[in-house]
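So the chains spell out like this:
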Amino acid sequence: MEKAVVITGLTKQYGNGRGIQDINLSIDQGEIVGILGPNGAGKTTLLKCMTGLTSPDQGSVELFGADLQSNFKNAITPVGALIGPAVAYENMSPYKNLKMISRLYSGITHEDIEQALCLTGLTSYKDEKISSFSMGMKQRFGIASALISKPRLIILDEPTNGLDIDGLLLLRKTIQEISSKSGVTFVISSHHISELEKLCNRFCFLIQGQASFYETRNQSLEDVYIMKVEEACR
Amino acid sequence: MNTILANSLNEIQKLLAKKVTKLLLFSAVIIPVLTKILVNNLFLTDWMALPTENINFTLLDLFVTMLIPLYIFIASTDLFTGEGERGTLLQVRPISRLELFVSKLSAIGILTLTVLLAEWLSVIISSAIFDNTFEFSSVTASLGAFIVSWFPIIVISAFAVMLSLVIRSSVLAISTMIVLYLIMMFIPYLLPSTLYLLPSTYLDWYMQWLGDVSFRWIIQTVTYLCSSFTLFFSIGYYMFNRKEA
């Protein structure tokens, strides 16, 4: 099985003492990995280091065998990501935003843009300015921008933030469909344990910057999470 | 498509969506036409004593020393400081930091060149229509003056981009740039020895290309422009490369 992500000794410390410390993580192609942790545990820092948005203090990240630091473009090309709030040029429409993104990849057609808009339920809003969108619609656009390049690895940081029930169900369905049809790898961080439990087949608990893993489902994820937090606090 | 070219198109598209860009392009076309109408057909009869070329170069000066630098400050603040504030500066896309930096700077350069060429075209057409003394032989010299004016503008762009990466607030960035530019314009009156050290001095260097060309002076100026561009570009890229999302 090809490795989608290999993280070795990843450390990033901020001045306030927060960050991540010596994270080692290996994710196979096709896995859906959930990252769980309390606020400030380092989930977003880990995802930013995985996508080159932040440089780590130590350690390395390999995406599909390409080192992120030394071979950035090859490593990041098969990756789609939504990290933090959805990023968009708000005085433009979602279609124009996606068109601009498509110029940076080869082979993205008009149909691919339409498909990404359709998957996220934005087809009827495609020519409206993003500035008029609600938070949930902006989040839908963020997900569309992560899907547009048909990536082999999709990294989503709190993707359900601001989504209504329709959006939540659509997101869950889209992730399950893409994963089963195309074998795409997902790394998803969320506060919603129940949402991750429905989607993911492996979990990474990030508590006080340290990672631990849970693969089987003999216990409820909530119980395991509480146990891990208590262990870390001792 | 080449990544720098593709992202330059994206950056140009972003800038073209802004009202200030449309306004500058419109001004580049309309101001020469209005000036020619005023000078030749209305009350400004005293101006008629001025040769056509002088009016054309006054129009070029207006853009090169005032409107285009102001636009550069707005554009660089928007593409760097503004995007940093809005969180759109760094994204997970297959483009290196150097390519991203170069394409943003190129977009500002391409748009300022477009403004200069639009102004030149408007000047030439309105001169041909309204000026009785217009001669077609002056077209080449006029085009040359507009094109060489672009080189010091690129240096000012690199300077503005460097500043926009140092300052984290858009309002502060643009006000600092305007104040520094005004200081650069007026400080030579107090300290004449600083004149040739300031990039703003060279904005009207097209004058050097008209009439008797001093090659020594041209080489000195080109060397200054290249080295100051390299300095501003390098510091700007260094700052940009250290940025984290």
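Residues numbered from 1 in each chain as written. Chains lettered and ligands numbered in written order. Predicted model: local features only at pLDDT ≥ 70, side-chain atom pairs only at ≥ 80, totals over all residues. Heavy atoms only, no water.

Engineer: Account for a positive patch on the surface, naming residues and giving values.
Structural biologist: A cluster of like positive charges, contributed by K96(A), K129(A), K19(B) and K22(B), occupies part of the molecular surface. As for its position among the elements, K96(A) is in helix α3 (residues 94-102). Given the relative accessible area of 46%, K96(A) is considered partly exposed. (Patch = residues over 30% accessible without salt bridge, like charges linked within 9 Å, V, L, I, M, F, W, Y side chains within 5 Å. Areas by Shrake-Rupley, 256 points an atom, 1.4 Å probe, with all protein chains shown as cover. Salt bridge = Lys/Arg side-chain N within 4 Å of Asp/Glu carboxyl O. Lys, Arg positive; Asp, Glu negative; His and termini not counted. Charge placed at Lys NZ, Arg CZ, Asp CG, Glu CD. Helix = DSSP H or I, 4+ residues; strand = E, 2+ residues; numbered from the N terminus. Buried < 20%, exposed > 50% of the residue type's maximum accessible area, 1.4 Å probe, protein only.)

Engineer: Can you explain the domain arrangement of chain A? Please cite residues and give values.
Structural biologist: Residue and element names in this part refer to chain A. We note that the domain assignment places domain 1 (3-78 + 153-233) and domain 2 (87-150) within chain A. Between the C-alpha centres of domain 1 and domain 2 there is a distance of 24 Å. With 16 residues of domain 1 at the interface, the matching set in domain 2 holds 11 residues. When domain 1 packs against domain 2, close to 990 Å² is buried across both sides, 68% of that on carbon and sulfur atoms. At the surface where domain 1 touches domain 2, the tally comes to one salt bridge. Measuring nitrogen to oxygen at the nearest pair gives 3.3 Å for the salt bridge that ties R140 to D164. Taken together, the links from domain 1 to domain 2 amount to three residue pairs in polar contact (both at pLDDT 80 or more). Listing elements by their share of the side of domain 1 that touches domain 2, those giving two or more residues are β7 (153-157) and α6 (165-182). Ranked by the residues each element gives to the side of domain 1 that touches domain 2, the list is headed by α6, at six residues. Among the residues forming the side of domain 1 that touches domain 2, the class breakdown is seven nonpolar, six polar and three charged. (Domains from an automatic or database assignment. Contact = heavy atoms within 4.5 Å. Buried area = accessible area lost by both parts, 1.4 Å probe. Polar contact = N/O pair within 3.5 Å; in protein donor to acceptor, adjacent residues only side chain to side chain. Nonpolar A, V, L, I, M, F, W, Y, C, P; charged D, E, K, R; others polar.)

Engineer: For helix α1 (residues 3-16) of chain B, give the residues involved together with the corresponding values.
Structural biologist: Residues and elements named next belong to chain B. Between the first and last C-alpha of α1 there are 20 Å, a value that for 14 residues agrees with the 20 Å anticipated at 1.5 Å per step. Among the 14 residues in α1, 10 count as buried, and that is most of the element. Capping of α1 at its N-terminal end is provided by N2; its side-chain oxygen lies 2.8 Å from the backbone amide nitrogen of I4. (Expected span 1.5 Å × (residues − 1).)

Engineer: Tell me what's going on with the pattern of salt bridges, and back it up with residues and numbers.
Structural biologist: Scanning all chains against the criterion turns up 17 salt bridges over all chains. Between E90(A) and K138(A) there is a salt bridge, with its nearest N and O atoms 3.3 Å apart. Taken together, the positions of E90(A) in the loop between β6 (79-82) and α3 and K138(A) in helix α5 (residues 135-147) put the pair 48 residues apart, joining distant regions of the chain. The class for K138(A) is partly exposed, based on a relative accessible area of 23%. For D78(B), the salt bridge is made with R86(B), and the minimal N-O distance between the two is 3.4 Å. In this structure D78(B) comes out as buried when scored by relative accessible area, which is 13%.

Engineer: Quick one: what's the story with the interface of chain B and chain A, residue by residue and with numbers?
Structural biologist: Listed as interface residues are 23 residues of chain B and, on the opposing side, 25 residues of chain A. Taken over both partners, the interface formed by chain B and chain A buries close to 2,300 Å², and the fraction arising from carbon and sulfur atoms is 56%. When residues of chain B are sorted by the area they lose upon contact with chain A, V92(B), R93(B) and P94(B) head the list and together hold 33% of the total. At the boundary of chain B and chain A, one finds two salt bridges. In this structure, the salt-bridge partner of E99(B) is K73(A), at a minimum N-O distance of 2.9 Å. Counting the contacts that link chain B with chain A gives 14 residue pairs in polar contact (both at pLDDT 80 or more).

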